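# Examination of the molecular architecture
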Amino acid sequence: MPRNTSPERADLVFLRRRVKPRAVVAEPVAASAVPPAPAAAPAPSVPASTGLDLGGSRSAAAAPAPASRPAPSVGLDLGGGSGAAAPTASSASSSAASVPTRPRGPQPFPAPTAHDVRELGPDDPVLRLDTRQSAIGSLIVSGATAAAWESTDLVTGSLTLDGAAQGTPVVTPGNRPLVGFDEGDAIVALRHVRSLRRALFVGSGAPLGVQLFDDESFTVHPGDPAHPVVLSLLRIDGVLELRAEPLEEPLPLEAVLRQFGFVPTTSVAPRRSRTI
Amino acid sequence: MASLVAGANAALTAENPGLTSVMVGFSWDIIPSRGPQTELVPIAVLCGDDGKALSDDHLVFFNQIVSDDGSVSFASEADDEEIDVDLSRIPAEVAKIAFFVYVDPDVRGPGDFSPVRSASVKVSTPDGRELVRFDVPLAEARSTRALLLAELYRHRDDWKFRALGQGYSSGLAGIASDFRIDV
């Protein structure tokens, strides 16, 4: 098999955190006893498949299907046949039986916590909240004069402290904006954090303050007049990552939003249903 | 199907031989409001012999959806919310699993249980057969912000389910304090 000598794609973000497959998957390939299998090759009574198995190409003569149970396979098996799916009644009915342990797969790079950082700025530009801090109560950003949001279904909008709105608001089932202003503070409704993809908070030159349900709080360094700092929020699965982002130059709000890729979606006012 | 009153218990595994997993479903009915509305959040806490949470990771709710050992998982399907428990996979150090519902403490008028008309918790088999149900008495819980609904606990080699309905006026903070959780 020829080696893949193509250069690493740096332009595809999702490939940068690629993790090495676990050894348990790769190991048995070398030890596989499955021959290249011409049609006449005698098949074992319970064929052991340890490598890539595309199923459908296997001829009936080469691989008589065992009557009792499917072949144990530790490799990729895309075969629709060979008794592959055929869920048993018990596995189909028992949701708990298929419960995985907490995923230990790709984890984001280590980052300081809200407990470690008192001020987000040049020294500590990023911190990550835990799953509880990211989901309980409200995330309060004081000192913000504008906030922008993008929901998981890519509904985007922005709102300023004085009420100027662009794009589409996202209202949660509790009748609160997913991101909005209340008594001068920008608020994120963390009960619905899984509806939020990202947000941005812009200040007016004063430090921003961030407060959590557990009374943990920190500030965001405002930068200098030539390079103001905004606070970006990104949800990664169940945790929120907060980052102080210095701007190249002072910019009007629309330009800041554009620079961060917040394109307000068209808002359609809901219409009452007509009575006949 | 048995209906429990507060304080009563049901011997789940003793009365249902072969029962290895259960679904704990939460339902409620809230008076609709045009303004900010009470939002209830169910949470399961895996506790040790001392009745306290084994760790902050031994919580299961909508944003921490599987316990470390995989025995308790959050799902949201048939009921308003649902937590699945695989009894056979619960580690030996877990003596009980406490089930709460708390009012999300959003700073914009979090509310309390006043607008909650009814609330119940039920235990079912994985195929949906209801084993036991507890309709929570809310008369004295109106001003509270969290409720300890019920607990699933070990009794010798079996698992029992106890209906509770104990209110916390201090909400999630009170639960965190009582169960030694850092939230």
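Placed above this text is the structure.
To keep things clear, this report deals only with the structure shown in the data block. (Residues numbered from 1 in each chain as written. Chains lettered and ligands numbered in written order. Predicted model: local features only at pLDDT ≥ 70, side-chain atom pairs only at ≥ 80, totals over all residues. Heavy atoms only, no water.)

## Considering empty space enclosed by the protein
A full pass over the atoms with the stated rule returns one cavity of 30 Å³ or more. Computed from the structure, the largest cavity encloses a volume of approximately 40 Å³. When the residues that make up the lining of the largest cavity are grouped by side-chain class, the tally is seven nonpolar, two polar and no charged. (1 Å grid on protein atoms, 1.4 Å probe; cavity = no way out; pocket = protein on both sides within 12 Å on 5 of 7 lines; lining within 4 Å. Points joined across faces, edges and corners; volume = space filled by probe spheres on them. Nonpolar A, V, L, I, M, F, W, Y, C, P; charged D, E, K, R; others polar.)

## What to know about the environment of Gly261(A)
Residue and element names in this part refer to chain A. Topologically, Gly 261 is positioned in the segment after helix H4 (253–259). By relative accessible area, Gly 261 is classed as partly exposed at 35%. Along the sequence, Gly 261 and Glu 150 sit 111 residues apart, while their C-alpha atoms lie 9.8 Å from each other. Ignoring any residue separated from it by four or fewer positions in sequence, one finds Gly 261 in contact with Glu 150 and Arg 198. (Helix = DSSP H or I, 4+ residues; strand = E, 2+ residues; numbered from the N terminus. Buried < 20%, exposed > 50% of the residue type's maximum accessible area, 1.4 Å probe, protein only. Contact = heavy atoms within 4.5 Å.)

## Some points on the nonpolar core
If you look at the biggest cluster of nonpolar residues, it comprises 96 residues, and the most contacted ones within it are Leu139(A), Phe201(A), Val85(B), Ile97(B) and Leu152(B). Apart from the residues lying within four places of it in its own chain, the contact partners of Phe201(A) are Val141(A), Ala144(A), Ala146(A), Ala147(A), Val179(A), Ala186(A), Val188(A), Leu208(A), Val230(A), Leu231(A) and Leu233(A). Listed in part, the eleven residues of the second largest apolar core include Leu200(A), Val230(A), Phe260(A) and Phe262(A). (Core = buried A, V, L, I, M, F, W, Y, C linked by side-chain atoms within 4.5 Å.)

## What about the packing of aromatic side chains?
According to the stated counting rule, one finds four aromatic pairs over all chains in the structure shown. The interplanar angle of 80° and the centroid separation of 5.3 Å between the aromatic rings of Phe61(B) and Phe62(B) together place this pair among those described as edge-to-face. For the pair Phe100(B) and Phe179(B), a centre-to-centre distance of 5.0 Å together with 90° between the ring planes defines the contact as edge-to-face. Of this pair, Phe100(B) sits in strand S8 (residues 96–103) while Phe179(B) is found in the segment after helix H2 (171–178), placing the two residues 79 residues apart along the sequence. The burial state of Phe100(B) is the same as that of Phe179(B); both residues are buried. Here a set of aromatic residues connected by ring pairs shows up, and it is made of Phe100(B), Tyr168(B) and Phe179(B). In this structure, Arg128(A) packs its charged tip against the face of Phe109(A), placed 5.0 Å from the ring centre. (Phe/Tyr/Trp six-rings, centres within 6.5 Å; stacked < 30°, edge-to-face > 60°. Lys NZ or Arg CZ within 6 Å of the ring centre and 35° of its normal.)

## Structural notes on H2(B)
Residues and elements named next belong to chain B. Looking at H2, one finds that the buried residues are Gly 171, Leu 172, Gly 174, Ile 175 and Ala 176. Where H2 is buried, its residues touch S8, strand S11 (146–155) and strand S12 (158–168). Phi turns positive one or two residues past the end of H2, at Arg 180, with a value near 55°.

On their own, these measurements won't tell you what the molecule is for.
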